[in-house]
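# Fold and geometry: a report
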Amino acid sequence: MATALHNLSDYEFDKIPDASNMCFGIVVAEWNPEITGALLNGCMSTLEKHGALPENIHVKTVPGSFELIYGAHQMTLNGGYDAIIILGSVIKGETPHFDYICQGVTYGIARLNAKSEIPVIYGLLTTLDMQQALDRCGGKYGNKGDECAIDAIKMAKF
Ligand code: DLZ
C-alpha cells in the first residue's frame, strides 16, 4: 500500500535485472483515462529505463477494469510474453459496484496467476476518491505504473 512512508516509484535501480531481452504485454482500462493514461506512461517509461525495447512492449486497451481479466487471459493464451501487466483505476461511487468490480478483478487475476505460466502483475488502483487515485499515478505517493514495471521485470526473471 502507498503511504507517506512508501512511495510507489522508489526502488534501487541497480538491483533490477536488465530487461532488454524481455517482452511485456500491458492491458489498460479506458475508465478514468487520466489515471490509467498516467499509469501507462509511468509503466512504459520504467520498463524502457531498464532496457525493454518499445517494440517488445505490447499495449491493448479494454473498456473497463472488469475486462482486464479477459484481456490478460487472452495475452497468456497468445504466449510470447515474459510478464503481463494490468492497469486500471476503480473509484468508489455511491453503489456497491466498486466492491464487486474490485473483488472480481482481484480474484480473476489471482486465478490467472495460479493457472498460467506467465506472471500477471496487478496494477489496479482501488481508491475512495479521485484525489487518492491522482496521488498514486504520479502524485505524492509516486506512480503505481512504475511499481508494476519493476515487479514485471522481477517476475519475468523469476
Ligand atoms: C461500470 C463501471 C463503474 C461504475 N466504475 C468503473 C470504474 O471506476 N473503473 C473501471 O475501470 N470501470 C468501471 N466500470 C466499468 C466496468 O469495469 C466494466 O467495464 C463494465 O461493468 C462492463 O463489464
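Before reading further, recall that the structure is shown in the block above.
Heads up: these notes are all about the structure in this document. What you are looking at is a predicted structure, and each value in this text was computed from that prediction instead of being measured.

## Details of the overall build of the protein
Of the regular secondary structure elements, the protein holds five helices and six strands. Helices (α) and strands (β) of the protein occur, in sequence order from the N terminus, as β-α-β-α-β-α-β-α-β-β-α. Against the 2.2 N^0.38 benchmark of 15 Å for 158 residues, the protein shows a C-alpha radius of gyration of 15 Å, consistent with a compact globule. Expressed as a percentage of the 158 residues in the protein, the buried residues total 48%. Nonlocal contacts in the protein, meaning residues at least 24 apart in sequence, comprise 78% of its contacts between residues at least 6 apart. For the protein, the distance from the average site of its 11 positive side-chain charges to the average site of its 18 negative ones is 5 Å.

## Focus on the site of the ligand
The ligand sits among Trp31, Asn32, Gly64, Ser65, Phe66, Glu67, Ser89, Val90, Ile91, His97 and Ile101. One nitrogen or oxygen atom from the side chain of Ser65 is found 2.6 Å from an oxygen atom belonging to the ligand. In the model, an oxygen atom of the ligand is placed 2.5 Å from a nitrogen or oxygen of the Glu67 side chain. Protein chains shield 71% of the accessible area of the ligand, which is 490 Å² for the free molecule. Mapped by element, the contributors of at least two residues to the shell around the ligand are strand 3 (83-91) and helix 3 (97-115). Taken together, the residues of the shell around the ligand break down into five nonpolar, five polar and one charged.

## Regarding the side chain of Thr127
Looking at the element boundaries, Thr127 is found in strand 4 (residues 120-127). Under the relative-accessibility criterion, Thr127 is labelled buried at 3%. Only 3.1 Å separates the side chain of Thr127 from the backbone oxygen of Asp129, close enough to count as a polar contact. Setting aside chain neighbours within four positions, we find Thr127 in contact with Val90, Ile91, Lys92, Phe98, Gln132, Ala133 and Arg136.

## Describing the environment of Val90
Inspection of the secondary structure assignment puts Val90 in strand 3. Considering only alpha carbons, one finds Val90 and Cys102, 12 residues apart in sequence, at a separation of 7.2 Å.

What counts as what
Every residue gets a number counted from 1 within its own chain, in the order that chain's sequence is written. Only residues with pLDDT of at least 70 are given local features in this predicted model, and only at 80 or more are side-chain atom pairs given and counted; all residues enter the totals for whole chains, interfaces and linings. In computing side-chain values, all of the structure's heavy atoms are included and hydrogens and water are not. Helical segments are the DSSP runs of H or I of at least four residues, strand segments are the runs of E of at least two, and each set is numbered from the N terminus. Radius of gyration: over C-alpha atoms. The globule rule applied is 2.2 Å multiplied by the number of residues raised to the 0.38 power. Burial classes: relative accessible area under 20% of the type maximum marks a residue as buried, over 50% as exposed, and values in between as partly exposed (1.4 Å probe, protein chains only). Pairs of residues are marked as contacts when any of their non-hydrogen atoms sit within 4.5 Å. Charged residues are defined here as Lys and Arg on the positive side and Asp and Glu on the negative side; His and the ends of the chain fall outside this count. Charged groups are reduced to one reference atom each: NZ for lysine, CZ for arginine, CG for aspartic acid, CD for glutamic acid. A single heavy atom is enough: if one lies within 4 Å of a molecule or strand, its residue is considered near that molecule or strand. Counting of polar contacts relies on pairs of N or O atoms within 3.5 Å, with two restrictions inside protein: one atom must be capable of donating a hydrogen and the other of accepting it, and residues adjacent in sequence are counted only when both atoms are side-chain atoms. For the area figures, the Shrake-Rupley method with a 1.4 Å probe applies, and any residue is considered shielded solely by the protein chains shown. Each residue receives one of three labels: charged for Asp, Glu, Lys and Arg, nonpolar for Ala, Val, Leu, Ile, Met, Phe, Trp, Tyr, Cys and Pro, and polar for the others, Gly being one of them.

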